[in-house]
Amino acid sequence: MSKILALDTSSEYCSVALYSNGNLSTQSELAPRSHTQLLLPMAKDIVERNGIELKDLDAIAFGCGPGSFTGLRIAAGVAQGLAYGLGCSIFPISNLKAMALQAYKQFGKKDVLVALDARMNEVYWSVCRVNISGRIATVETYGVEHVSEPELLFLPDTVQGGSLVGIGSGFDFLERFPSNIQESVTCFDATARPKADEICELALHEVEQGQAGRLADAMPSYIRDKVT
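Quick caveat, the model's predicted, so the values are computed rather than measured. (Residues numbered from 1 in each chain as written. Predicted model: local features only at pLDDT ≥ 70, side-chain atom pairs only at ≥ 80, totals over all residues. Heavy atoms only, no water.)

A. Fine view of the packing of helix α3 (residues 95-107) against helix α5 (residues 196-208). For the pair α3 and α5, the least separation of the axes is 8 Å and the interaxial angle reads 105°. In terms of their interaxial angle, α3 and α5 are classed as roughly perpendicular. Only Glu-198, Ile-199, Glu-201 and Leu-202 of α5 make contact with α3, whose side of the interface consists of Asn-95, Lys-97, Ala-98, Leu-101, Gln-102 and Lys-105. Of the residues assigned to the contact of α3 with α5, the class counts are four nonpolar, two polar and four charged. (Axes fitted to C-alpha atoms, helices over the stretch in contact; angles between N-to-C directions. Helix = DSSP H or I, 4+ residues; strand = E, 2+ residues; numbered from the N terminus. Parallel < 35°, antiparallel > 145°, perpendicular 65-115°, else oblique. Contact = heavy atoms within 4.5 Å. Nonpolar A, V, L, I, M, F, W, Y, C, P; charged D, E, K, R; others polar.)

B. Structural context of the packing of helix α1 (residues 35-49) against helix α2 (residues 69-86). Contact pair α1 / α2: the axes reach a minimum separation of 10 Å and the direction vectors enclose 35°. Here the hand of the crossing between α1 and α2 comes out right-handed. When α1 is examined against α2, the residues His-35, Thr-36, Leu-39 and Leu-40 are found in contact with a partner set consisting of Ile-74, Ala-75, Val-78 and Leu-82. Here the residues of the contact of α1 with α2 sort into six nonpolar, two polar and no charged. (Left-handed = near helix turned anticlockwise from the far one by under 90°.)

C. The arrangement of the nonpolar core in detail. By size, the foremost hydrophobic cluster in this structure holds 36 residues, and its most contacted members are Ile-4, Ala-61, Val-112 and Val-114. Excluding residues within four positions of it along the chain, Val-114 makes contact with Leu-96, Met-99, Ala-100, Tyr-124, Trp-125, Ser-126, Cys-128 and Ile-167. (Core = buried A, V, L, I, M, F, W, Y, C linked by side-chain atoms within 4.5 Å. Buried < 20%, exposed > 50% of the residue type's maximum accessible area, 1.4 Å probe, protein only.)

D. A look at the state of the cysteines. Throughout the structure, instances matching the rule amount to zero disulfides. No disulfide involves Cys-128; its nearest neighbouring cysteine sulfur is the one of Cys-64, lying 12 Å away. Cys-187 forms no disulfide, and the closest cysteine sulfur to it belongs to Cys-128, at a distance of 16 Å. (Disulfide = S-S within 2.5 Å.)

E. Expanded view of the sheet that holds strand β2 (residues 13-20). Judged by pairing direction, the sheet is mixed, and its five strands sit side by side in the order β3-β2-β1-β4-β5 without closing on themselves. Bordering the open sheet on either side are β3 (23-30) and β5 (89-94), each of which pairs with just one other strand. Sheet twist, expressed as the average angle between the axes of neighbouring strands with direction ignored, equals 20°. Set on the sheet, α1 makes contact with β1 (4-8), β2 and β3; between it and β2 the angle comes to about 20°. Along the sheet, α5 contacts β1, β2, β3, β4 (59-65) and β5; its crossing angle with β1, the most-contacted strand, is approximately 135°. (Pairing = 2+ DSSP bridges.)

F. Expanded view of the pattern of salt bridges. All chains considered together, the criterion is met by 13 salt bridges. The closest approach of N and O atoms between Glu-12 and Arg-193, which form a salt bridge, is 3.2 Å. Pair noted here: Glu-12 is in the loop between β1 and β2 and Arg-193 is in the loop between β11 (185-189) and α5, with a separation of 181 residues, a long-range link. The closest approach of N and O atoms between Asp-217 and Arg-214, which form a salt bridge, is 3.0 Å. Overlapping salt bridges, with partners in common, bring together Lys-105, Lys-195, Asp-197, Glu-198 and Glu-201 in one network. (Salt bridge = Lys/Arg side-chain N within 4 Å of Asp/Glu carboxyl O.)

G. Structural view of the pairing of β11. Here strand β10 (residues 164-167) runs beside β11; their pairing, made up of four bridges, is parallel. From the neighbouring strand, Val-165 faces β11, where its bridge partner is Cys-187.

H. A look at the packing of aromatic side chains. One pass over the full model with this rule turns up four aromatic pairs. Judged by centre distance (5.4 Å) and plane angle (70°), the ring pair of Phe-171 and Phe-177 falls under edge-to-face. Phe-171 sits in the buried class, given a relative accessible area of 3%. The class of Phe-177 is buried, set by a relative accessible area of 3%. (Phe/Tyr/Trp six-rings, centres within 6.5 Å; stacked < 30°, edge-to-face > 60°.)

I. View of α2. Between the first and last C-alpha of α2 there are 26 Å, a value that for 18 residues agrees with the 26 Å anticipated at 1.5 Å per step. In this structure, the buried side of α2 is in contact with β1, α1, β4, β5, α3 and β7 (123-133). In the stretch just after α2, Gly-87 is the one whose phi turns positive, near 65°. (Expected span 1.5 Å × (residues − 1).)

J. Looking closely at α1. The end-to-end C-alpha distance of α1 is 20 Å, a good match for the 21 Å that 15 residues give at a rise of 1.5 Å each. Those residues of α1 lying buried are His-35, Leu-39, Met-42, Ala-43, Ile-46 and Val-47. Along the long axis of α1, the arc covered by the buried residues comes to 125°, so they all point the same way. Turned more than 90 degrees away from the buried face of α1, the exposed residues are Gln-37, Glu-48 and Arg-49. Looking at the buried side of α1, the elements it contacts are β1, β2, β3 and α2. (Arc of directions from axis to C-beta.)

Put into structure tokens, the structure is as follows:
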């Protein structure tokens, strides 16, 4: 049975998760500016507590973004180092897709608007569809992942009004979203942050599908390529 370690440092939280023997174990700590010191010890600890060793892992997954540029680089670097050293697969997982799965668990709705505070008066966002088949979860994005001012969000033609739930720190800007989006979101959680739990679950689908998980493809996804 697959054994997958997932890492996320895209926000102020440092988060790890392990899928092993059909069970998902998680660990998370609010740790602004301490991700570098905490991430690898947390990863080793969760593996050891589940009675396995790092060499037993089949795959490493990490939240590839969007999110804190520094945080994304930390998770990517640690994940790349582990995958290279262990000779196992590695999977970069979209934080927006992972948060869509988190919203599905919380609200039970499959259509999700994910919005994260991107600073610089912008939000990272996407409209996603969550699909569940047994223990396997997948998330599709309607179109591409975006970064824009809150006023520029829009709904795909295939998404019906009034059917969405929302998640992410970008909902602190809800009053600036276009009126049709405000009316379409039935409930939301602006306090939620990306977690390794859902990253691990989405990576499980990749592993079960026999995807290669190549080290060369394991890169952060910033969406926005400039900072101030």
